[in-house]
There are 2 protein chains.
Amino acid sequence: MADEMKCITLAARPEGAPKDSDFKLETRPVPEPSEGEVLVRVHYMSLDPYMRGRMDDAKSYAEPVPLGGIMEGGGAGEVIASNDPGFKPGDMAFGMFGWATHGVQPAKMLRKLPEGLPITTSLGVLGMPGFTGWYGLTEIGKPKKGETLVVAAATGPVGSMVGQIAKARGLRTVAIAGGADKCRLATEKFGFDAALDHRAYDDARSLRKALAEAAPDGIDIYFENVGGKVFEAVLPLMNRFGRIPVCGMIAGYNTGALGGTAGAGPDRFPVFWRTLLVKHLLAQGFIISNHFDRYGEFLNEVAPLVASGDIAYLEDIAEGIENAPAAFMGLLEGRNMGKQIVKLA
Amino acid sequence: MADEMKCITLAARPEGAPKDSDFKLETRPVPEPSEGEVLVRVHYMSLDPYMRGRMDDAKSYAEPVPLGGIMEGGGAGEVIASNDPGFKPGDMAFGMFGWATHGVQPAKMLRKLPEGLPITTSLGVLGMPGFTGWYGLTEIGKPKKGETLVVAAATGPVGSMVGQIAKARGLRTVAIAGGADKCRLATEKFGFDAALDHRAYDDARSLRKALAEAAPDGIDIYFENVGGKVFEAVLPLMNRFGRIPVCGMIAGYNTGALGGTAGAGPDRFPVFWRTLLVKHLLAQGFIISNHFDRYGEFLNEVAPLVASGDIAYLEDIAEGIENAPAAFMGLLEGRNMGKQIVKLA
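Note that the coordinates shown come from a computational prediction; the quantities given were computed from them, not determined experimentally. (Residues numbered from 1 in each chain as written. Chains lettered and ligands numbered in written order. Predicted model: local features only at pLDDT ≥ 70, side-chain atom pairs only at ≥ 80, totals over all residues. Heavy atoms only, no water.)

## Some remarks on the overall build of chain A
Applicable threshold: Counting from the N terminus, the helices are DSSP H or I runs at least four residues long and the strands are E runs at least two residues long. Radius of gyration: over C-alpha atoms. The globule rule applied is 2.2 Å multiplied by the number of residues raised to the 0.38 power. For every residue, the accessible area (1.4 Å probe, protein chains only) is compared with the maximum for its type, and the residue is labelled buried under 20%, exposed over 50%, or partly exposed between those bounds. In this analysis, two residues are considered to be in contact whenever any of their non-hydrogen atoms come within 4.5 Å of each other. Per-residue and other accessible areas were derived by the Shrake-Rupley procedure at a 1.4 Å probe size, with only the shown protein chains allowed to occlude residues. Only four residue types enter the charge count: Lys and Arg as positive, Asp and Glu as negative, with His and the chain ends excluded. In plain terms, the charge of a residue is placed at NZ if it is Lys, CZ if Arg, CG if Asp and CD if Glu.
Looking only at helices and strands, chain A has 10 helices and 15 strands in total. Against the globule reference of 20 Å for 345 residues, chain A gives a C-alpha radius of gyration of 20 Å, in line with a compact fold. With the C-alpha coordinates aligned to their principal axes, the bounding extent of chain A is approximately 60 × 45 × 35 Å. Burial statistics for chain A: of 345 residues in total, 57% are counted as buried. The long-range share in chain A, meaning contacts at least 24 apart out of those at least 6 apart in sequence, stands at 67%. Approximately 13,900 Å² of chain A is accessible, and the part contributed by carbon and sulfur atoms is 52%. Charge separation in chain A, taken as the distance between the mean sites of 36 positive and 41 negative side-chain charges, equals 6 Å.

## Regarding the packing of helix 2 (residues 128-141) of chain A against helix 9 (residues 295-307) of chain A
Packed helices, taken two at a time, are described by the angle between their axes plus the distance between the axes. Residues and elements named next belong to chain A. To be explicit about the condition: Helix axes are fitted only over the stretch in contact, all axes being lines through C-alpha atoms; the angle between N-to-C directions runs from 0 to 180 degrees. Here is the rule for angles: anything less than 35 degrees is roughly parallel, anything more than 145 is roughly antiparallel, 65 through 115 is roughly perpendicular, and the remaining ranges are oblique. Classification used: nonpolar for Ala, Val, Leu, Ile, Met, Phe, Trp, Tyr, Cys and Pro, charged for Asp, Glu, Lys and Arg, polar for all others including Gly.
Contact pair helix 2 / helix 9: the axes reach a minimum separation of 10 Å and the direction vectors enclose 95°. Between helix 2 and helix 9, the angle is such that the two are roughly perpendicular. Along the contact surface, helix 2 presents G130, F131 and W134, while helix 9 presents Y295, E297, F298, E301 and V302. Its residues assigned to classes, the contact of helix 2 with helix 9 comprises five nonpolar, one polar and two charged.

## A few points about the sheet that holds strand 13 (residues 282-285) of chain A
Within a sheet, each strand pairs with its neighbour through backbone hydrogen bonds, oriented either parallel or antiparallel. For clarity, the cut-off: When DSSP finds two or more bridges between a pair of strands, those strands are recorded as paired.
What the 12 strands build is an open sheet, ordered 10(A)-9(A)-8(A)-11(A)-12(A)-13(A)-13(B)-12(B)-11(B)-8(B)-9(B)-10(B); its pairing is mixed. In the strand order of this sheet, the two ends are held by strand 10 (194-197) of chain A together with strand 10 (194-197) of chain B, each with one partner. Between one strand axis and the next, the sheet turns through 15° on average, direction left out of account. By the bridge criterion, two bridges tie strand 11 (residues 219-223) of chain A to strand 12 (residues 238-246) of chain A in an arrangement that is parallel. Across the sheet, I219 of chain A pairs through a bridge with M238 of chain A, a residue of strand 12 of chain A. Of the strands in this sheet, strand 8 (148-152), strand 11, strand 12 and strand 13 of chain A are in contact with helix 2 of chain A, which crosses strand 11 of chain A at around 145°. Taken strand by strand, helix 8 (residues 269-278) of chain A contacts strand 13 of chain A together with strand 12 (238-246) and strand 13 (282-285) of chain B, and its axis lies near 65° from that of strand 13 of chain B.

## Some thoughts on the pairing of strand 10 of chain B
All names here are of chain B. In plain terms, the rule: Orienting the strands away from the viewer, one traces the path from the first strand over the helix to the second; a clockwise path indicates a right-handed crossover.
Where strand 9 (residues 172-177) and strand 10 come together, four bridges link them in parallel fashion. From the neighbouring strand, A175 faces strand 10, where its bridge partner is A195. For the segment spanning strand 9, helix 4 (residues 180-188) and strand 10, crossover handedness is right-handed.

## Observations concerning the environment of G228 of chain A
Following the sequence through the fold, G228 of chain A ends up in the loop between strand 11 and helix 6 (229-234). Remark: the alpha-carbon pair of G228 of chain A and V79 of chain A, spanning 149 residues in sequence, is separated by 42 Å.

## A word on the pattern of salt bridges
Side-chain pairs of opposite charge can arise whenever the charged atoms involved come near each other. Defined as follows: By salt bridge we mean one thing: a side-chain nitrogen of Lys or Arg within 4 Å of a carboxyl oxygen of Asp or Glu.
Under the criterion given, the structure shown has 30 salt bridges over all chains. A salt bridge links R294 of chain B to E297 of chain B; its shortest N-O distance comes to 2.7 Å. With a relative accessible area of 17%, R294 of chain B lands in the buried category. What makes E297 of chain B partly exposed here is its relative accessible area of 41%. By sharing partners, the salt bridges in this structure join K88, D91 and K112 of chain A into a single network.

## Some points on the domain arrangement of chain A
Residue and element names in this part refer to chain A. Our working definition: Segmentation into domains, and thus their bounds, comes from an automatic or database assignment. Defined here as a combined quantity, buried area equals the accessible surface (1.4 Å probe) lost by two parts on assembly, summed across both. What qualifies as a polar contact is a pair of N or O atoms within 3.5 Å, subject to a donor-acceptor requirement within protein and to the restriction that residues adjacent in sequence count only when both atoms come from side chains.
Segmentation of chain A into domains returns domain 1 (4-124 + 313-343) and domain 2 (128-289). The distance between the C-alpha centroids of domain 1 and domain 2 comes to 28 Å. Counting from both sides, the interface comprises 21 residues of domain 1 and, opposite them, 15 residues of domain 2. Together, the buried faces of domain 1 and domain 2 total about 1,500 Å²; carbon and sulfur atoms form 63% of this surface. Counting across the domain 1 and domain 2 interface gives zero salt bridges. At the junction of domain 1 with domain 2, the criterion picks out three residue pairs in polar contact (both at pLDDT 80 or more). Of all elements in the fold, only helix 1 (50-54) and helix 10 (324-332) reach the threshold of two or more residues within the side of domain 1 that touches domain 2. Of the residues contributing to the side of domain 1 that touches domain 2, the split by class is 11 nonpolar, five polar and five charged.

## A short note on the packing of aromatic side chains
Convention followed: Each aromatic pair joins two rings of Phe, Tyr and Trp (for Trp, the six-membered one) with centres within 6.5 Å, and gets the label stacked for planes under 30 degrees apart, edge-to-face for over 60, and tilted for any other angle. Any Lys NZ or Arg CZ found within 6 Å of a ring centre and within 35 degrees of that ring's normal is scored as a charge over the ring.
Enumeration over the complete set of coordinates arrives at 43 aromatic pairs over all chains. Arranged with centres 5.6 Å apart and planes meeting at 55°, the rings of W134 of chain A and F298 of chain A form a pair that is tilted. Remark: F298 of chain A occurs in helix 9 and W134 of chain A occurs in helix 2; sequence separation between them is 164 residues. In this pair, the class of W134 of chain A matches that of F298 of chain A, namely buried. With centroids separated by 6.0 Å and ring planes inclined at 40°, the aromatic side chains of F272 of chain B and W273 of chain B adopt a geometry described as tilted. Residue W273 of chain B is classed as buried on the basis of its relative accessible area, which comes to 0%. Cluster of aromatic residues (ring-pair linked, three or more members): Y222, F231, F269, F272 and W273 of chain A together with Y222, F231, F269, F272 and W273 of chain B. Positioned above the aromatic ring of F87 of chain A is the side chain of K112 of chain A, whose terminal nitrogen or guanidinium carbon lies 5.2 Å from the ring centre.

## Brief notes about the nonpolar core
Generally speaking, nonpolar side chains in soluble globular proteins are found buried as a group. Where we set the bar: Only buried residues count toward a nonpolar core, which is a set of Ala, Val, Leu, Ile, Met, Phe, Trp, Tyr and Cys residues joined through side-chain atoms within 4.5 Å.
Counting residues in hydrophobic clusters, the biggest one holds 70 residues, and the most contacted among them are V302 of chain A together with V302 of chain B. Here V302 of chain A is in contact with L126, W134, M161, I165 and I311 of chain A, once residues within four sequence places are set aside. Core analysis: the second largest hydrophobic core is formed by 66 residues, A152 and L277 of chain A together with L211 and A233 of chain B among them.

## Some details on the packing of helix 8 of chain A against helix 8 (residues 269-278) of chain B
Put simply, helix 8 of chain A and helix 8 of chain B touch, their axes get as near as 8 Å, and they point 50° apart. Our classification of the angle between helix 8 of chain A and helix 8 of chain B gives oblique. Residue-level inspection shows F269, F272 and W273 of chain A of helix 8 of chain A in contact with helix 8 of chain B, the latter providing F269, F272 and W273 of chain B.

## Topic: the environment of A194 of chain B
All names here are of chain B. Along the chain, the position of A194 falls in strand 10. Counting along the chain gives 20 residues from A194 to V174, while the straight-line C-alpha distance between them is 4.9 Å. Not counting the four nearest positions on each side in its chain, A194 is found in contact with R172, T173, V174, A175, T187 and A214.

Have a look at this one:
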């Protein structure tokens, strides 16, 4: 019935990896837009690692999703009612509608989608993940021709953007990905010079040995988005004056120990700190939502490259909101191939 | 006899804190300057924490002192022979002569001292330590009016420069120092808004509580030069978009565990990394010797302020090269008050 919508709510706060029972599929009335608001029927919904953080009750850079609340997330779809002169029914827009088939948002929180590109691109390659890769690489990584870049989760929407922009600027690019298929994808589709399957290495030391061969001149930029074993492998290979943009670390989201494997062990902080000092490294964290003033610049540069095919992208599209939890759990385990999206309509 | 000099050599590599028997006072022939070289009789010799690192055989940003070699260090004195047209006997110069009463260096490695300021200033407030503070604060810290800065070892030549430059730029400045005397010095001589005696707090948590009161608006810049407990106290108080210049950490020099207390304990790296991410922190290491292209700019800005008394400095001067090891061991334990210097002539 048209006045009802489906949504996924947070049923329980997960301990470690989320499971089915942490989510609940619900039917709710479609909300009505107030003055200045717009109602959108969501066609495609985005799933992203940061959402795992919102499921916890911990203090972070954003408020947690309340128990019983709709899971947070972005989506793109068609305006079906508008109380704002800037939008009319039929317009296509992106907004933070949550894991839901419909959503109301203030018009000023929506972004109209450009013509001529699939609307799914607003969730991945030209959305928050692509923008994250572009911003972190260019603003913090400051890539220079002839340098070497390493990025993990290299076939995801952040890593693949990082790799392609770096390659276009004349860097040697080394991908780290999970599994032979993703490694092949990294080199064949995304143009990485080399790709390493982190699952093929038991520990940081063996991964480091392979990395040292793939990056014979050392590593100038490590785009940090996974943490854990990869970071430990990379650190000793960093060149002097290297840069480490830190944009969120999927490896730690399920353990509560961002940036590292859980459990007892040596304190790795002194080694890191010493390396930072003696190699003049720069490490800088960033949350992309603080930098949307640069989004237009990103679109101007990258949208034409996506349209022309010079920047490739890959999407993994699940069908139906009821499958969103499973797709999300798969994403956290790296089972997706490319940007994880859920098709709703 | 004029053809002999005294020097201190490295007799043994220390385990932990250096002791008397790690050093040896020797008499050697005064070296002869070759073509392009200059012989200097050193009047004042500098003692600095970085020298502890040179006593170890570990890979670092500089070569270790060889066993039996003269301890490394800078000094200022009078040219007594020159085979270079740029220097003549009687000129006053700074160079890396080591812990020695005389030294030969290529003319291009020497810096002529400006007139009108005590030559000891070339070792501290206008030398490497002052330059380190100025560079790290301005280039990495990027201070903005109204922000809050914290620096430890605040009465030392690095920390006191950092505090005074920050204060002049309109920041609230909080000193951390060891002992009530140094805290008084920090506020009365160096103009810090507040000073905390880290010895008065048993652990990072209690120090943090005091810091939170001294820095009620949070901390925007933490100039890191000690590591350990202070860093742990500071980290949770950092404001979003905070900056952490990392210039070397005296707390760790004796333990081999730079940046932290030694021994077993929880792995603090994940907490640090998560904080870096969610608060958009920037941490950047630097070794000042890579930035001497900026030294002239530093002198132009700061030397007039030292001459006018707008920037205060404090020197702790030991007498005689035979007392250099004791003064150095005291420096590593924080027993000096101000820049540690040894008067040789």
